[in-house]
Structure formats: C-alpha cells, structure tokens
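Below, each chain spelled out in residue letters.
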Amino acid sequence: MTYAYDPELAPWLSLLAGIDYANVQQMRDAEAELMSFDAAEQTTDVSFRDITVPGLNGAPEVGVRIYTPTGHEGKLPGLLYIHGGGFAIGSVANFHNETLRIAAEVGAVVASVEYRLAPEHPFPAPIEDCYAALTWFAAHADELGVDPERIGVAGESAGAGLAAGIALYARDHGGPALAMQYLGIPALDDRLDTLSMRTFTDIPGWNRRNAEICWDYYLGGEGLRGGDGISPYAAPARAEDLSGLPPTYITAAEFDPLRDEDLIYGQRLIAAGVPTEIHHFPGTFHGSAQLAPQAGVSLRMVAEMTDALRRGLRVENPEDAEIA
C-alpha cells in the first residue's frame, strides 16, 4: 500500500528496511547503529552516573543511570524513564541523548532503567526490574534531591507499555504515588486485533509481523499471545479497571500498527476519570521522531513531550515567572 507519510519523514523509512526482527542479534546491532549517541552532544548542564539497585524479590541487581541537572536549588521532580525496543532491544546507552535532553530541558532528575530484555528474560523480568528501580528511586528521593510527590514514569514504544504496566502495578500494590505517566506510542495490547494492527502489515520497521514476534519474545514463546491469562501488567490494555491511575499524556502515530490501541487506551482512561491528553500526529510512523529528529513534526513531538512532562511534574516555567 501507499501511505501519505510526512515528506520530511518518508526518506528515512529505507533505514528500517531489511531488519529482521526474528534475528535478535541483527535487530540489536541495527538499533545500536541507528541510536548511538555523539559525545559532542553532551551538556555541562546535566551530570550522570551509573549505579545498580537491588532487584525485586531476590532478582539480579538492576542497572540505572541517574541524570541530575546542575545549578538548581531545592528539590527537583523525578522521572523514571524506560527505553523502547520491542521488549528485546535497546539500552540506557542507546537512549542516552533522549534522557539527557529530558533532564536538561524539563529540569528533572531522570533515572533510566537497564531492564532485562526478552527473549532471554521474558515477562515478568522486565517489569520487575522497572518496578525495583521505581521503588528505589522513591525511597532515595531525598538523597537524590527529588521531591517524592513529583515522581513520574515515562517511556517510548515497548518502554511506554512497561511504564503503563508499572503505573498499574504501583496502584494495585501500594507502590509509590505517581504524579504522571507519559506514554509515547505505547505497546499495550498483545491481542493485536485493532484496525491499525490489521492494516499496517507492510510498513518497514514496526509492522504487524514484527509486533507478533516481539510479543512472543516478551510473553515467553509462541502460543501465548492473544490467549487467556495474560497479565494486565504485561499488556495494560487488558486491565479492566483504569481508575486511580496518574494523569496521563499519550502520543499516537498515524501509520503505526499501535495507533488504535493507543487511542483506545486514552479514551478508556478518560472514561475512568483519569486526567488524560492524547495527541495523534498525522503523517508519522512508529519511531519516526527518533529516526528523523530534525523533521518539523519530530521537533513538535519533542517540544510537546517536554511541555507535557513539565506540566505533569509541576515544573515552574521560568518564562512565565519572568512575565509575572
């Protein structure tokens, strides 16, 4: 099929062609090449360090990279960031530019989680690692210079699905109270039964076939996806009750198999009484903002993400303060 991609984005799709999601190592190598960061892009406004925190219930320790804006007085908001990658690829290092930018532009202490990846470590390992990082982050808020009442979770793609699962888990298990959740093009539903998921089968990169492969990785093998007994913490769209979740900002891309499940989840949050914003970006495809960051629509997406995080974490806007 022919799709009306944003003209600035269309040329970049060729970089996704030929990546075989069934070959985990090839997929990881390709992602590392596309997402590698440039040391020249570092900023002196943010310091960062790598630590490990205790795993959940005796699980292995979890790697966390802490980003701290410099030159700020008082407590800052905190953000647990969960990288994307179809549950099977991605790393803290490959998303370094993203988390560095968030810390600098939002003015928040960011904890980026090096969770275990599928298929070697299927559910619940990834979400256990992220929840362990969240509880550690909240428990150590004071020493990190974080306001414990202004901690949020954020992620992109599979990372956003994990963030949504963490928010549900924290609500149900008396975990840290969250100020917000930012869900960027989230992977939420293993049933893969929406119109967009059935339609976008031939788009390079994230399409229906690759979604099937990655959900099989995450759930622990073939034959489980779409069946009974899948935990809502793995597939948040399966949660029957979405009430009591934190204020939410969701993005969706027009030519993304995940589009409809993202829009439906946002509508369900609204119906459940959760303050929710949903932004659908025409002409975009899954991951286009990361692949073509200088495109006009990508710059708008990033600016809106920054604004949503600042509002959700209740960060004072210096420009507003000057006007006042």
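The structure we're discussing is the one just above.
Residues numbered from 1 in each chain as written. Predicted model: local features only at pLDDT ≥ 70, side-chain atom pairs only at ≥ 80, totals over all residues. Heavy atoms only, no water.

Colleague: I'd like a description of the pattern of salt bridges, backed by residues and values.
Modeller: Following the criterion strictly, the structure yields 18 salt bridges and no others. Taking the shortest distance from any N to any O, the salt bridge between Arg116 and Glu128 comes out at 3.8 Å. Of this pair, Arg116 sits in the loop between strand S4 (109–114) and helix H3 (125–139) while Glu128 sits in helix H3; the two residues are 12 residues apart in sequence, bridging distant segments of the chain. A salt bridge links Asp216 to Arg225, with the nearest nitrogen and oxygen atoms 3.0 Å apart. The exposure class of Asp216 is buried, given its relative accessible area of 12%. Given the relative accessible area of 27%, Arg225 is considered partly exposed. Where salt bridges share partners, they join Glu98, Arg101 and Glu105 into one cluster. (Salt bridge = Lys/Arg side-chain N within 4 Å of Asp/Glu carboxyl O. Helix = DSSP H or I, 4+ residues; strand = E, 2+ residues; numbered from the N terminus. Buried < 20%, exposed > 50% of the residue type's maximum accessible area, 1.4 Å probe, protein only.)

Colleague: Outline the pairing of strand S5 (residues 146–156), supporting the account with residue identities and numerical values.
Modeller: S5 sits mainly inside the fold: eight of its 11 residues count as buried. When strand S3 (residues 76–82) meets S5, the two strands line up parallel, connected through six bridges. The residue of S5 that forms the bridge with Leu80 is Val153. Where S5 lies against strand S6 (residues 180–184), five bridges are found, and the strand directions are parallel. In the strand pairing of S6, Gly152 is matched with Met180. Handedness of the S5-helix H5 (residues 158–172)-S6 crossover: right-handed. (Pairing = 2+ DSSP bridges. Right-handed = clockwise from strand over helix to strand, strands pointing away.)

Colleague: Let's hear about H5: which residues, and what values?
Modeller: Between its first and last C-alpha, H5 extends 21 Å over 15 residues, near the 21 Å set by a 1.5 Å rise per residue. The buried fraction of H5 amounts to 12 of the 15 residues, a majority that puts the element mostly inside the structure. The complete set of buried residues in H5 reads Ala158, Gly159, Ala160, Gly161, Leu162, Ala163, Ala164, Gly165, Ile166, Ala167, Leu168 and Ala170. Buried residues in H5 make contact with S3, H3, S5, S6, helix H7 (208–219) and helix H8 (259–271). Gly174 sits one or two residues past H5 and shows a positive phi near 65 degrees. (Expected span 1.5 Å × (residues − 1). Contact = heavy atoms within 4.5 Å.)

Colleague: Describe the packing of aromatic side chains, and please don't skip the residues or the numbers.
Modeller: All told, the structure shown has 15 aromatic pairs when counted by the stated rule. Ring centres 3.9 Å apart and planes at 5 degrees place the aromatic pair Phe87 and Tyr218 in the stacked group. Here Phe87 is found in the loop between S3 and helix H2 (96–107), whereas its partner Tyr218 is found in helix H7, with 131 residues between them in sequence. The class of Phe87 is buried, set by a relative accessible area of 2%. Every member of this aromatic cluster is reached through a ring pair, and the members are Tyr3, Tyr5, Phe200, Phe255 and Phe285. (Phe/Tyr/Trp six-rings, centres within 6.5 Å; stacked < 30°, edge-to-face > 60°.)

Colleague: Can you break down the state of the cysteines residue by residue, with the values?
Modeller: Under the counting rule described, the total for this entry stands at zero disulfides. Its sulfur unpaired, Cys130 is 16 Å from the next cysteine sulfur, which belongs to Cys214. On the basis of relative accessibility, which here comes to 0%, the residue Cys130 falls in the buried class. (Disulfide = S-S within 2.5 Å.)

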